Amino acid sequence: MTDFQTMANLAVDELLELEPEEATQLGDHRFDDRFADRSQAGADLAVRRLRARQLELERVDLATLDKESLVDAKVLANQLALRIFSYEELREPSWNPLVYNPGDGLFSLLSQRTLPPEARLRSICGRLEAIPDLVQVGRRQLENCPEIHVKTALDQHGGVVKLIRDEVDLLIKEVNDLFIRGRVAKAQQRALVAWDAFGRHLEDSLGSAKGEFRLGPERFSEKLSLYLHSPLGAEEVLRRANARLDALTEELAEAAGQLSEGGGGSSSERIRRVLDTVAEHHSNNQTVLAEAGAVLEQLTSAVNASGLFTIPTDPYDLEVVPEFMRGTASAYCMPAGPFEEGARSKVMISPTPDDWTKEQSESFYREVNSAMMV
């Protein structure tokens, strides 16, 4: 019979080793000098290793586990299944250029200061040296990419250049070791050349980027179940979501009726009038960060006063989303890694793109207005 704790520790180590960038963000620095292997050969090897862990987990006598270990076993089983599904079914390295963006792996080492500058610079050097091979795999494997993914990758391209060139330069100045500084300088140049070539490759492929990013009903349902770690099927999740939407719409209609007394029209028309009024109070690119900070303080005070929950007092930084991350969400929370004592969480707000018109930015901030931020 397999000992669960021994097996689980080995499995977690393996999962972290397969995704070095994720390990860094969690505060495990054993693999800081490398990127995940995005090649098909790497995926095949990963699946073999993870299936071996699944077999080991199946040999664990669950009846002998305490409640906490039983929960851990179920979480681990779901994680193994999710990773295998990602490698075998999603196969994103074959169609999604965003998986070749090295920004996350560099940013996590550049932004956290729990390790000495020299240690971080050595790890960054390893990742810079790996970028030419990383993007070469992408150029070889990517085919039939969805247009939106290519456009987003191109929008993020310049942000990665700034990380490799400007942010790494700032860290180099903190290190006195001339050997590592020289090695990093060479790695920077090679990485920039490779990354520039990858950008041109994406630009050349944009005209033929007609791939489909939708997974289809069956694969989406399986992905949803694994990501939610829930037995609910996609249809049931959708049914519940629609039921909740209907209930919230009724609440909005009632509230709108109270706020717009004397206003005629249907429920939807009353809701729209109130939402239009609320939308008049909103931020812009120059004020959104300060407003988000004020809202965070207000919400923290309100939750503390309620006595319902205890809010961690760990420090956090409120920042603008780096350019290499923009295009997928308007705000992020990057919690400090659980394995990293002294790390700071990051709450990040994304401004509207520089090439948006005034009307587009105004429309965005009317939607994400001051009331919506609370």
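Below is a summary of the structure that appears in this document. (Residues numbered from 1 in each chain as written. Predicted model: local features only at pLDDT ≥ 70, side-chain atom pairs only at ≥ 80, totals over all residues. Heavy atoms only, no water.)

### Details of the overall build of the chain
Of the regular secondary structure elements, the chain holds 14 helices and 3 strands. C-alpha atoms of the chain, sized along the principal axes, occupy 75 × 55 × 50 Å. Counting across all 374 residues of the chain, residues that qualify as buried make up 37%. Between the averaged position of the 42 positive side-chain charges in the chain and that of its 62 negative side-chain charges there is a distance of 4 Å. (Helix = DSSP H or I, 4+ residues; strand = E, 2+ residues; numbered from the N terminus. Buried < 20%, exposed > 50% of the residue type's maximum accessible area, 1.4 Å probe, protein only. Lys, Arg positive; Asp, Glu negative; His and termini not counted. Charge placed at Lys NZ, Arg CZ, Asp CG, Glu CD.)

### Section: the packing of helix 1 (residues 4-18) against helix 4 (residues 67-90)
For the pair helix 1 and helix 4, the least separation of the axes is 11 Å and the interaxial angle reads 35 degrees. Every pair of crossing elements has a handedness; the one defined by helix 1 and helix 4 is left-handed. Note on element contacts: helix 4 touches helix 1 through Ser69, Asp72, Ala73, Leu76, Gln79, Leu80, Arg83 and Tyr87, opposite Phe4, Met7, Ala8, Ala11, Leu15 and Leu18. Grouping the amino acids of the contact of helix 1 with helix 4 by side-chain chemistry returns 10 nonpolar, 2 polar and 2 charged. (Axes fitted to C-alpha atoms, helices over the stretch in contact; angles between N-to-C directions. Left-handed = near helix turned anticlockwise from the far one by under 90°. Contact = heavy atoms within 4.5 Å. Nonpolar A, V, L, I, M, F, W, Y, C, P; charged D, E, K, R; others polar.)

### Focus on the sheet that holds strand 1 (residues 316-320)
Taken in spatial order, the 3 strands line up as 1-3-2 in an open sheet, and their pairing is mixed. Of all strands in the sheet, those bounded by a partner on one side alone are strand 1 and strand 2 (331-334). On average, each strand axis in the sheet is inclined to that of its neighbour by 15 degrees, with strand direction left out of account. Taken together, the 5 bridges between strand 1 and strand 3 (residues 345-349) define a ladder with parallel strand orientation. When the sheet's bridge partners are listed, Glu319 is paired in strand 3 with Met348. (Pairing = 2+ DSSP bridges.)

### Section: helix 1
Spanning 15 residues, helix 1 covers 21 Å between terminal C-alpha atoms, matching the ideal 21 Å at 1.5 Å per step. What helix 1 keeps buried is the set Phe4, Met7, Ala8, Ala11, Glu14, Leu15, Leu16 and Leu18. Where helix 1 is buried, its residues contact helix 2 (20-26), helix 3 (40-58) and helix 4. (Expected span 1.5 Å × (residues − 1).)

### Quick word on the packing of aromatic side chains
All told, the structure shown has 5 aromatic pairs when counted by the stated rule. When the centroid spacing of 6.2 Å and the interplanar angle of 65 degrees are considered together, the rings of Tyr100 and Phe198 count as edge-to-face. Taken together, the residues span a long stretch of sequence, with Tyr100 in the loop between helix 4 and helix 5 (103-111) and Phe198 in helix 8 (residues 178-205) at a distance of 98 residues. Where Trp356 meets Phe364, the ring centres are 6.1 Å apart and the plane angle is 70 degrees; that geometry is what we call edge-to-face. Accessibility expressed as a relative area gives 34% for Trp356, which makes it partly exposed. Look at Phe364 and you get partly exposed, because its relative accessible area is 23%. Pairwise contacts between aromatic rings join Tyr100, Trp195 and Phe198 into one cluster. (Phe/Tyr/Trp six-rings, centres within 6.5 Å; stacked < 30°, edge-to-face > 60°.)

### Considering the layout of surface pockets
Unoccupied space between atoms shows up once a probe the size of one water molecule is rolled over them. Taken as a whole, the largest pocket holds about 1600 Å³ of empty space. Around the largest pocket, the lining is made up of 49 residues, and of these Glu19, Glu22, Arg38, Val99 and Asp104 lie nearest the centre. Elements with a contribution of two residues or more to the lining of the largest pocket: helix 2, helix 3, helix 4, helix 5, helix 6 (117-141) and strand 2. Residue classes in the lining of the largest pocket are distributed as 19 nonpolar, 16 polar and 14 charged. (1 Å grid on protein atoms, 1.4 Å probe; cavity = no way out; pocket = protein on both sides within 12 Å on 5 of 7 lines; lining within 4 Å. Points joined across faces, edges and corners; volume = space filled by probe spheres on them.)

### Observations regarding the nonpolar core
Core analysis: the biggest nonpolar cluster contains 40 residues, and Leu121, Ile124, Leu128, Ile131, Ile164, Val168 and Val184 have the highest contact counts within it. Broken down by secondary-structure element, the contributors of at least two residues to this core are helix 5, helix 6, helix 7 (147-172) and helix 8. Broken down by element, the residue count for this core peaks at 9 residues, all from helix 8. One finds Leu18, Ala46, Leu65 and Tyr87 within the second-largest nonpolar core, a separate group that totals 18 residues. (Core = buried A, V, L, I, M, F, W, Y, C linked by side-chain atoms within 4.5 Å.)

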